[in-house]
Amino acid sequence: MRAHPCSGGCADNQDVVNRSGTVIIAVRLQDHSEALAGLQVGSDSVVVSVMAGIGSSELRQTLGTDAPLVRAIPLPAVRERRSVTVTFPSHPVVDALFDVTSEEVGAEAVAEPCGCRCT
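This is a predicted model, so every value here is computed, not measured.

### Notes on the overall build of the chain
Alright, step 1. Helix and strand counts for the chain stand at four helices and seven strands.
Alright, step 2. Starting at the N terminus and ending at the C terminus, the chain contains elements arranged as α-β-α-β-α-β-β-α-β-β-β.
Alright, step 3. Taking the contacts inside the chain whose residues are at least 6 apart along the sequence as the reference set, 32% of them involve residues at least 24 apart.

### Some remarks on unusual backbone geometry
Alright, step 1. Cis peptide bonds are those with omega within 30 degrees of zero, and the linkage from F88 to P89 qualifies with -15 degrees.
Alright, step 2. Mapped onto the elements, P89 comes out in the loop between β4 (84-88) and α4 (92-101).

### Thoughts on the layout of surface pockets
Alright, step 1. Taken as a whole, the largest pocket encloses approximately 170 Å³ of empty space.
Alright, step 2. Forming the boundary of the largest pocket are 13 residues, of which V17, V23, I24, I25 and L39 lie nearest the centre.
Alright, step 3. For the lining of the largest pocket, the secondary-structure elements that each account for two or more residues are α1 (13-18), β1 (22-25) and α2 (32-36).
Alright, step 4. The leading source of residues in the lining of the largest pocket is β1, at four residues.

### Some details on helix α3 (residues 56-63)
Alright, step 1. Within the sequence span of α3, burial applies to S56, L59 and L63. For α3, the arc enclosing every buried residue in end-on projection is 65 degrees, short of the 170-degree limit, so these residues lie on one face. Residues of α3 that are exposed and point more than 90 degrees away from the buried face comprise S57 and Q61.
Alright, step 2. Residues of α3 that are buried in the fold lie against β1, α2, β2 (46-49) and β3 (69-74).

### Quick word on the environment of V41
Alright, step 1. With respect to the helices and strands, V41 occurs in the loop between α2 and β2.
Alright, step 2. With 18 residues separating them in the primary sequence, V41 and V23 have C-alpha atoms 8.2 Å apart.
Alright, step 3. With sequence-adjacent residues up to four places away left out, V41 is seen in contact with V17, V23, V47, L63, G64 and T65.

### So, the pattern of salt bridges
Alright, step 1. All chains considered together, the criterion is met by two salt bridges.
Alright, step 2. The salt bridge involving D15 is made with R19; its shortest N-O contact spans 2.8 Å.
Alright, step 3. By relative accessible area, which is 17% here, D15 ends up buried.
Alright, step 4. R19 gets classed as partly exposed once you look at its relative accessible area, which sits at 39%.
Alright, step 5. We note a salt bridge from R28 to D31, for which the minimum N-O separation is 2.8 Å.
Alright, step 6. Judged by relative accessible area, R28 falls into the exposed class, the value being 52%.
Alright, step 7. Given a relative accessible area of 28%, D31 falls into the partly exposed group.

Reading the values: the criteria
- Residues numbered from 1 in each chain as written.
- Predicted model: local features only at pLDDT ≥ 70, side-chain atom pairs only at ≥ 80, totals over all residues.
- Heavy atoms only, no water.
- Helix = DSSP H or I, 4+ residues; strand = E, 2+ residues; numbered from the N terminus.
- Contact = heavy atoms within 4.5 Å.
- 1 Å grid on protein atoms, 1.4 Å probe; cavity = no way out; pocket = protein on both sides within 12 Å on 5 of 7 lines; lining within 4 Å.
- Points joined across faces, edges and corners; volume = space filled by probe spheres on them.
- Buried < 20%, exposed > 50% of the residue type's maximum accessible area, 1.4 Å probe, protein only.
- Arc of directions from axis to C-beta.
- Salt bridge = Lys/Arg side-chain N within 4 Å of Asp/Glu carboxyl O.

In structure tokens:
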């Protein structure tokens with residue numbers, strides 16, 4: 001098994017992101033501005049957001065990225081691997097990630113916090 005590039009320690013969150021192909025954003029809405037301030041995600045990464053209350057376009061702007069961004073909603077039973085995780089849009093990297101922990105189900109559309117629907 002290959003060690004993660006940061007197993008010896010990374011300088012900061014940006015260093016972690018720079019060394020990662022998949023970036024999972026899982027912070028509380030009220031903490032997102034401070035937690036993500038200055039963080040930049042390269043277009044060669046895949047971003048998975050499990051945050052509620054922030055739209056994809058706002059998160060893209062915050063992260064300064066045009067990388068693929070997938071929203072995921074893991075349900076509570078995921079910790080027991082008896083759950084469904086809804087993702088949008090479908091992406092093979094994210095599908096494989098959630099297939100390990102739950103049944104992944106791609107949504108055809110997602111309502112954004114602004115009230116619009118992404119399809």
